[in-house]
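Architecture and fold: a report
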Amino acid sequence: MEKITEKVPGKMIASRRTFAIISHPDAGKTTLTEKLLLYGNAIDLAGSVRARRSQRNTTSDWMEMERQRGISITSTVLQFPYQGHVINLLDTPGHQDFSEDTYRTLSAVDSAVMVLDAAKGIEPQTRKLFEVCRKRGIPVFTFINKMDRPARSPLELLDEIENVLGMQPVPINWPLGDGIDFKGVYDRKRVGIYLYERTERNERMAPEKFYTFKSLLEAKLMKRDHIDKVQSDIELLDGLGIDFNHQRMLNEEQTPVYFGSALTNFGVRLFLESFIQLAPPPQPFESDQGVVNPTDEEFSGFVFKIQANMNPKHRDSVAFLRICSGKFDRGMDVIHSQSGKTIKLLRPYKLFANEREIIEEAYPGDVLGIPNTGDLGIGDTLSENKTLKYAPIPRFHPEHFALLRNMDLGKQKQFIKGLHQMEMEGAVQVLYNVDAFKREPILAVVGELQFDVVQARLDNEYNVPTTLERLSIDLARWVTGPEEDIKRINERSNNLVCLDSEKKFVALFHETYHMNMVKQKYPSLVFEMKN
């Protein structure tokens, strides 16, 4: 009797863990990312975003501007094996000006790790990103970081998570002190304590040793009153009956909580080992043809990010594709749903920050890097046989506007190419004033720091110097209706009429009052916030 084999082995799907790390700026997100790579044996030494520029830089922050400012402003894919699992870690921008990039990344993950500063708790950007996770139905793990510094009471932090985020926090471990007194964590499952030792410059895994309360007391490694305090806290927790329930976590009713210090490596291994056991494997995704399950035979996936010039050796554009179903084989033909064209995927990459390695096969949950010549856009779907489209990834509404001028007209071609590439990446929207004597682009962005990124990348990657002139514009609306009426919008000097890259009309207003005046005068016009 012929043996029937699965096209997509269930164990390959079950072993995948695809997640993103979210946080408020400076909560330690990039440091935790680096230490997860260290414990996953993906790197030999850990760097730090606080290191001087002459020292080792963090693996995930590859852009020069990120290194200079010590922040993450792009999303990065990092894949590595760990204890029989394949980890797809999608590092996201921490700065709020790049929350749109984070939103796109969160569309491609099955769970998220929320990093909190132990001294500050839940901060505005954390809350905003958590709401995105909630809308997408993504389970959230919580890592309370920086316990090596003076911190708020652990119980107070748990109360804040429950009151502000509306989820029951369930401590998986419990800290032994904070600041210079932070010595380790109590593991509630193993009913014992892990004591840690710091390593030189925190570059290597922290040595750790497990103790029961009795053996700890006998070894005289902690004072009796410190041990009594920990035991009292644990008794209080146990008395509250806060027990972890896996299904409630998947339903976003609970969040498992881990205390630690990413900088000193305290608690990182325990978190990673617990995470791979509790985090969900690849999940189903909605499409216009119904729900697509990872176990479906036909290959399919969607583009959630586009990035150019990740590596100076490869001056090209890469589309990041989340595989949703089926098995990927190098050289396979796929249908580009948006155009109907067939594409042969000959050089797919396995991604690790700015490094790349051609791979032969991949499975649901994995992220492919596909060379992009301009055919693929954010939100596009690739599928094996039948044409289907995954749910679109919405654009954020721009809030800041500026005129960008090329200071070297001999490099106009590079100037246009660079702007086009960054618009494809979703980093900026480019508009042109229909009445301007000189065709100069108006940049529309979500956060002001995006202006700096555009200028820095044009200079570094395309060798084009630019100047920027901020515009006193407060809002943009895509407008449809009789063209003669649209072109009358700018009869007032405060208003501008522009065309976007798709030749759609966009009206720019100094304030809402001016837009309402136009609406009253030209009722035939329809204004929308997004294109």
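Residues numbered from 1 in each chain as written. Predicted model: local features only at pLDDT ≥ 70, side-chain atom pairs only at ≥ 80, totals over all residues. Heavy atoms only, no water.

1. Considerations on unusual backbone geometry
We apply this condition: Secondary structure elements are defined from DSSP: runs of H or I of at least 4 residues count as helices, runs of E of at least 2 residues count as strands, and each element is numbered from the N terminus. Buried, partly exposed and exposed residues are distinguished by accessible area as a fraction of the type maximum, computed with a 1.4 Å probe on protein chains only: under 20%, between the cut-offs, and over 50%, respectively.
Of note, Asn41 is a non-glycine position whose phi angle comes to about 60°, a positive value. Mapping Asn41 onto the fold places it in the loop between helix 2 (29-39) and helix 3 (64-69). Asn41 gets classed as exposed once you look at its relative accessible area, which sits at 61%.

2. Some words on helix 12 (residues 449-462)
Cut-off, in case you're wondering: Between the first and last residue of a helix there are one fewer steps than residues, each counted as 1.5 Å, and that sum is the expected span.
For helix 12, which comprises 14 residues, the first-to-last C-alpha distance of 19 Å matches the rise-based estimate of 20 Å (1.5 Å per residue) to within 8%. Most of helix 12 is tucked away, with 10 of its 14 residues classed as buried. One or two steps after helix 12, the chain reaches Asn463, where phi turns positive at roughly 60°.

3. A closer look at the nonpolar core
General note: in soluble globular proteins, nonpolar side chains tend to be found buried as a group. Counted only if it meets this: To qualify as a nonpolar core, a set must consist of buried Ala, Val, Leu, Ile, Met, Phe, Trp, Tyr and Cys residues joined through side-chain atoms within 4.5 Å.
Counting 89 residues, the largest nonpolar core has Leu32, Leu36, Val113, Phe141, Ile144 and Phe304 as its most contacted members. Ranked by residues supplied to this core, first place goes to helix 10 (residues 268-278) with seven residues. Counting residues in hydrophobic clusters, the runner-up holds 17 residues, among them Val334, Leu345, Ala362 and Met424.

4. A look at the packing of aromatic side chains
Selection criterion: Centre distance within 6.5 Å is the pairing criterion for rings of Phe, Tyr and Trp, where only the six-membered ring of Trp is used; planes under 30 degrees apart are then read as stacked, over 60 as edge-to-face, and the remainder as tilted. Each ring is checked for a lysine NZ or an arginine CZ that lies within 6 Å of its centre and within 35 degrees of its normal; such an atom marks a charge sitting over the ring.
With the rule as written, the count across this model stands at 16 aromatic pairs. Measuring from centroid to centroid gives 5.8 Å for Phe271 and Phe275, while their planes differ by 35°, and the two rings are tilted. A residue pair is termed a helical-turn pair when its members lie 3 or 4 positions apart in one helix, as Phe271 and Phe275 do in helix 10 at four residues. Pairwise contacts between aromatic rings join Phe19, Phe141, Phe143, Tyr258, Phe271 and Phe275 into one cluster. The ring centre of Phe210 lies 3.9 Å from the NZ or CZ of Arg190, which sits over that ring.

5. Regarding the packing of helix 11 (residues 412-424) against helix 12
Note the threshold: In this analysis an axis means a line fitted to C-alpha atoms, helices contributing only their contacting stretch, and an angle means the value between N-to-C directions, from 0 to 180 degrees. Oblique is the label for any angle not under 35 degrees, not over 145, and not in the 65 to 115 range, which are roughly parallel, roughly antiparallel and roughly perpendicular in turn. Note: crossing handedness is left-handed where the near helix turns anticlockwise from the far helix by less than a right angle, and right-handed where it turns clockwise. Any two residues having at least one pair of non-hydrogen atoms within 4.5 Å are treated as being in contact. Here the nonpolar group is Ala, Val, Leu, Ile, Met, Phe, Trp, Tyr, Cys and Pro; Asp, Glu, Lys and Arg are the charged ones; every other residue, Gly included, is treated as polar.
Running from N to C, helix 11 and helix 12 cross one another at 125°; their axes reach a closest spacing of 10 Å. With respect to each other, helix 11 and helix 12 are oriented oblique. The chirality of how helix 11 crosses helix 12 is right-handed. In this structure, helix 11 uses Gln414, Phe415, Lys417, Gly418, Leu419, Gln421 and Met422 to contact helix 12, whose residues at the interface are Val454, Arg457, Leu458 and Tyr462. In terms of residue class, the contact of helix 11 with helix 12 is built from six nonpolar, three polar and two charged.

6. Let's talk about the pattern of salt bridges
Heads up, the rule is: Any Lys or Arg side-chain nitrogen found within 4 Å of a carboxyl oxygen on Asp or Glu counts as a salt bridge.
Per the stated rule, a full pass over the model turns up 29 salt bridges. The partner of Arg201 in a salt bridge is Glu203, with the nearest N and O atoms 3.5 Å apart. A relative accessible area of 58% places Arg201 in the exposed class. When its relative accessible area of 16% is taken as the criterion, Glu203 is described as buried. One network of salt bridges, with partners in common, ties together Arg405, Lys438, Glu440 and Glu469.

7. Brief notes about the sheet that holds strand 27 (residues 466-470)
Put simply, the rule is: We call two strands paired when DSSP finds no fewer than two bridges between them.
Strand order in the open sheet formed by eight strands is 27-24-26-25-29-30-28-31, and the pairing between neighbours is antiparallel. The open sheet has two free edges, formed respectively by strand 27 and strand 31 (526-528), since each of these has just one partner strand. Averaged over neighbouring strand pairs, the angle between their axes works out to 40° when direction is ignored. Bridge count between strand 29 (residues 496-499) and strand 30 (residues 505-509): four bridges; the pairing is antiparallel. By the bridge assignment for strand 30, Leu499 is matched with Phe505.

8. Structural notes on the confidence of the model for the chain
Inclusion rule: Each residue carries a pLDDT score, the predictor's confidence in it, ranging from 0 to 100.
Averaged over all residues, the pLDDT of the chain is 86; the fraction at 70 or higher stands at 89%. Contacts for the low-pLDDT stretch residues 1-5, under 50 throughout, to residues beyond four places or in other chains number zero contacts. Ignoring residues within four places in sequence, the model shows residues 70-75, a span with pLDDT below 50, making 37 contacts including any to other chains.

9. A few points about the pairing of strand 26 (residues 441-445)
In terms of residue burial, strand 26 counts as a mostly covered element, since five of its five residues are buried. With burial as the criterion, each face of strand 26 is covered, one bearing Pro441, Leu443 and Val445 and the other bearing Ile442 and Ala444. In this structure, strand 24 (residues 400-406) lies alongside strand 26, joined through four bridges in antiparallel fashion. Looking at the pairing, Ala402 lines up with Leu443 of strand 26.

10. Brief notes about the sheet that holds strand 8 (residues 184-187)
On the basis of which strands lie adjacent, the open sheet formed by four strands has the order 7-8-9-10 and antiparallel pairing. At either end of the open sheet lies a strand with only one pairing partner, and these are strand 7 (173-176) and strand 10 (208-211). Geometrically, the sheet is characterised by an average inter-axis angle of 25° between neighbouring strands, direction not taken into account. One ladder, built from four bridges, connects strand 8 with strand 9 (residues 192-196); its direction is antiparallel.

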